[in-house]
Amino acid sequence: MPVTTAFAIYFLIWWVILFAVLPWGVRSQHEDGAIAPGTDPGAPVIPNLKWKLLWTTLLSLAVFAACYVVYVNKLVTLDSLTRPFFPN
């Protein structure tokens with residue numbers, strides 16, 4: 001796999017996992033009871049973005065490593081994906 005392709009795939013995985021990690025541990029201003037004037041009550045009190053970016057990176061590395069192993073060892077092929085639909 002070329003490096004540019006690997007980087008592009010990792011970036012896509014990272015981006016998808018980021019949106020899965022963003023809601024972890026979020027407390028809104030409404031839940032906390034202290035709404036700052038001029039802000040939305042649903043805005044997070046402490047978003048902890050550094051930790052979320054770290055978790056996103058670690059989870060993305062694990063998912064990318066699994067995908068890379070599947071790709072390099074050819075554990076999933078086009079034939080194996082179409083076999084249930086076109087048995088021959």
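Our subject in this report is the structure included herewith. Note that the structure is a prediction, hence the values are computed from the model and not measured.

**Examining the packing of aromatic side chains**
- One pass over the full model with this rule turns up six aromatic pairs.
- For the ring pair Tyr 10 and Phe 64, a centre distance of 6.0 Å and an interplane angle of 90° mean the geometry is edge-to-face. Within this pair, whereas Tyr 10 is found in helix α1 (residues 3-21), its partner Phe 64 is found in helix α3 (residues 49-72), the two being separated by 54 residues in sequence. Accessibility assignment for this pair places Tyr 10 and Phe 64 in one class, buried.
- Look at Phe 11 and Trp 15: their rings are 6.0 Å apart centre to centre, the planes differ by 25°, and that puts the pair in the stacked class. Here Phe 11 pairs with Trp 15, and both are found in helix α1, just four residues apart, close to one helical turn.
- Taking the relative accessible area as the measure of exposure, Phe 11 reaches 44% and is therefore partly exposed.
- A residue is classified by how much of its surface remains accessible, and Trp 15, at 41% relative accessible area, is partly exposed.
- Linked through ring pairs, Phe 11, Trp 14, Trp 15 and Phe 19 together constitute an aromatic cluster.

**With respect to the side chain of Thr 56**
- Position of Thr 56 relative to the elements: it lies in helix α3.
- Here Thr 56 is in contact with Trp 14, Ile 17, Leu 18 and Val 21, once residues within four sequence places are set aside.

**Description of unusual backbone geometry**
- Look at Asn 48: it is not a glycine, yet its phi comes out positive at around 50°.
- Here Asn 48 is to be found in the loop between α2 (29-32) and α3.
- With a relative accessible area of 39%, Asn 48 lands in the partly exposed category.
- A positive phi angle is found at Lys 74, which is not glycine, with a value near 50°.
- Positionally, Lys 74 belongs in the loop between α3 and α4 (78-82).

Thresholds applied
Residues numbered from 1 in each chain as written. Predicted model: local features only at pLDDT ≥ 70, side-chain atom pairs only at ≥ 80, totals over all residues. Heavy atoms only, no water. Phe/Tyr/Trp six-rings, centres within 6.5 Å; stacked < 30°, edge-to-face > 60°. Helix = DSSP H or I, 4+ residues; strand = E, 2+ residues; numbered from the N terminus. Buried < 20%, exposed > 50% of the residue type's maximum accessible area, 1.4 Å probe, protein only. Contact = heavy atoms within 4.5 Å.

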